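Analysis of the macromolecular model
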There are 2 protein chains.
Amino acid sequence: MAAIKHLLIVNSSPEKIYSAITTKEGAANWWTEQTEIGNKVGDINIFDFGDRYHNEMKISKLIPNKQVEWECLEGDKEWIGTKLIFEIEEKDEGSVLKFTHGNWREETDFFASCNYHWGYYMRSLKIYCETGKGTPFQNE
Amino acid sequence: MAAIKHLLIVNSSPEKIYSAITTKEGAANWWTEQTEIGNKVGDINIFDFGDRYHNEMKISKLIPNKQVEWECLEGDKEWIGTKLIFEIEEKDEGSVLKFTHGNWREETDFFASCNYHWGYYMRSLKIYCETGKGTPFQNE
């Protein structure tokens, strides 16, 4: 199956990055303000993008300050069944974030468009963790 | 073989996008200021990034306002032999740009890091074509 993979340096602590991914305040600052986020495995996160996309993601793994996994239950038909994995590794000066959006059935044009947009939002996540101000969907 | 694929909307003409990819002035404004660019198939383009990377790309295809292909002859060892393809399609209001960096031997951490950075530079290319001001390496 196809996967989108991004790796980036974030000059911030693993705790800050983990919080940005697992809290409503965090996700609202780098991805979308229209967010509801649970706090345990099995909970359903909601990420809305105006009228364009409604995503429901089941939390399938939470390892504090190290790893977060979601499974997409609702969203664009190409996203349903895909997995989103965030892996955080502490480094001497900051952290490495590995993001994988896997289990795509095909590398379509939408896959390539999402890859481009993930680059944008990974940078938003980085800048939010480093400066306190990201560029979520509502500010794009 | 593995490939990085990005697809994005650029609110600009195919001519402007083609020029941004095939001229020194263009590439200097979205990718790197340390650039030499040829104007015919078989010419060698040079893209330097300070002391970090020295890339030599042979121009392997030029279809004005539609397609550009380069083959990497010198650069990071994982880049040598890879192909970079830019495809431009005119749309009602602007253009679609499809970028493929293909022929990678493996999906390594460097592949994922380059994918992240290509997202950044594709956005720089888009913003440069739309506003006249991109974010090349020297301004990152």
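These numbers were taken from a predicted model, which means no experiment stands behind them.

Conventions and cut-offs
- Residues numbered from 1 in each chain as written.
- Chains lettered and ligands numbered in written order.
- Predicted model: local features only at pLDDT ≥ 70, side-chain atom pairs only at ≥ 80, totals over all residues.
- Heavy atoms only, no water.
- Contact = heavy atoms within 4.5 Å.
- Buried area = accessible area lost by both parts, 1.4 Å probe.
- Salt bridge = Lys/Arg side-chain N within 4 Å of Asp/Glu carboxyl O.
- Polar contact = N/O pair within 3.5 Å; in protein donor to acceptor, adjacent residues only side chain to side chain.
- Helix = DSSP H or I, 4+ residues; strand = E, 2+ residues; numbered from the N terminus.
- Nonpolar A, V, L, I, M, F, W, Y, C, P; charged D, E, K, R; others polar.
- Pairing = 2+ DSSP bridges.
- Axes fitted to C-alpha atoms, helices over the stretch in contact; angles between N-to-C directions.
- Phe/Tyr/Trp six-rings, centres within 6.5 Å; stacked < 30°, edge-to-face > 60°.
- Buried < 20%, exposed > 50% of the residue type's maximum accessible area, 1.4 Å probe, protein only.
- Lys NZ or Arg CZ within 6 Å of the ring centre and 35° of its normal.

1. Some thoughts on the interface of chain B and chain A
Contacts between the two partners involve 18 residues from chain B and, on the opposite side, 18 residues from chain A. For the pairing of chain B and chain A, the buried interface totals around 1,700 Å² over both sides, and the portion due to carbon and sulfur atoms is 51%. Its largest share of buried area at the contact with chain A, chain B owes to B:Lys5, B:Leu7 and B:Tyr116, together 39% of the area lost on that side. Counting the contacts that link chain B with chain A gives 4 salt bridges. The residue B:Glu107 makes a salt bridge to A:Lys5 at a minimum N-O spacing of 3.0 Å. For the pair chain B and chain A, the number of links is 11 residue pairs in polar contact (both at pLDDT 80 or more). If you list the elements that add at least two residues to the side of chain B that touches chain A, you get strand E1 (2-10) and helix H3 (109-131) of chain B. It is H3(B) that provides the largest number of residues to the side of chain B that touches chain A, a total of 10 residues. Looking at the side of chain B that touches chain A residue by residue, the class counts come to 7 nonpolar, 4 polar and 7 charged.

2. Description of the environment of B:Glu93
Its location among the elements puts B:Glu93 in the loop between strand E6 (83-91) and strand E7 (94-104). Separated by 83 residues in sequence, B:Glu93 and B:Val10 have C-alpha atoms that sit 9.0 Å apart.

3. As for the sheet that holds strand E3 (residues 44-49) of chain B
One open sheet accounts for 7 strands, arranged E1-E7-E6-E5-E4-E3-E2 (chain B); its pairing is antiparallel. In the strand order of this sheet, the two ends are held by E1 and strand E2 (34-36) of chain B, each with one partner. Taken over all neighbouring pairs, the strand axes of this sheet differ in orientation by 20° on average, direction set aside. Along the sheet, helix H3 (residues 109-131) of chain A contacts E1 and E7 of chain B; its crossing angle with E1(B), the most-contacted strand, is approximately 80°. Contacts between helix H1 (residues 14-22) of chain B and the sheet are confined to E1, strand E4 (53-63), strand E5 (67-74), E6 and E7 of chain B, with E6(B) contributing the most and set at about 165° to the helix.

4. Points about unusual backbone geometry
Positive phi, close to 70°, is recorded for A:Asn103, a residue that is not glycine. Topologically, A:Asn103 is positioned in strand E7 (residues 94-104).

5. Quick notes on the packing of aromatic side chains
Overall, the coordinates contain 32 aromatic pairs over all chains when judged by the stated rule. Aromatic side chains A:Trp31 and A:Trp118 sit 5.1 Å apart centroid to centroid with 35° between the ring planes, which places their arrangement in the tilted category. Within this pair, whereas A:Trp31 is found in the loop between helix H2 (24-30) and strand E2 (34-36), its partner A:Trp118 is found in helix H3, the two being separated by 87 residues in sequence. One exposure class covers both A:Trp31 and A:Trp118, and it is buried. With 5.0 Å between their ring centres and 50° between their planes, B:Phe86 and B:Phe99 make a pair best called tilted. Here B:Phe86, found in strand E6, pairs with B:Phe99, found in strand E7; they are 13 residues apart in sequence, far enough to count as distant. Each member of the pair B:Phe86 and B:Phe99 is classed as buried. An aromatic cluster is present here, built from A:Trp30, A:Trp31, A:Phe47, A:Phe49, A:Trp70, A:Trp79, A:Phe86, A:Phe99, A:Trp118 and A:Phe137 joined pairwise through their rings. Here the basic side chain of A:Lys16 rests over the ring of A:Tyr128, its NZ or CZ set 4.7 Å away from the ring centre.

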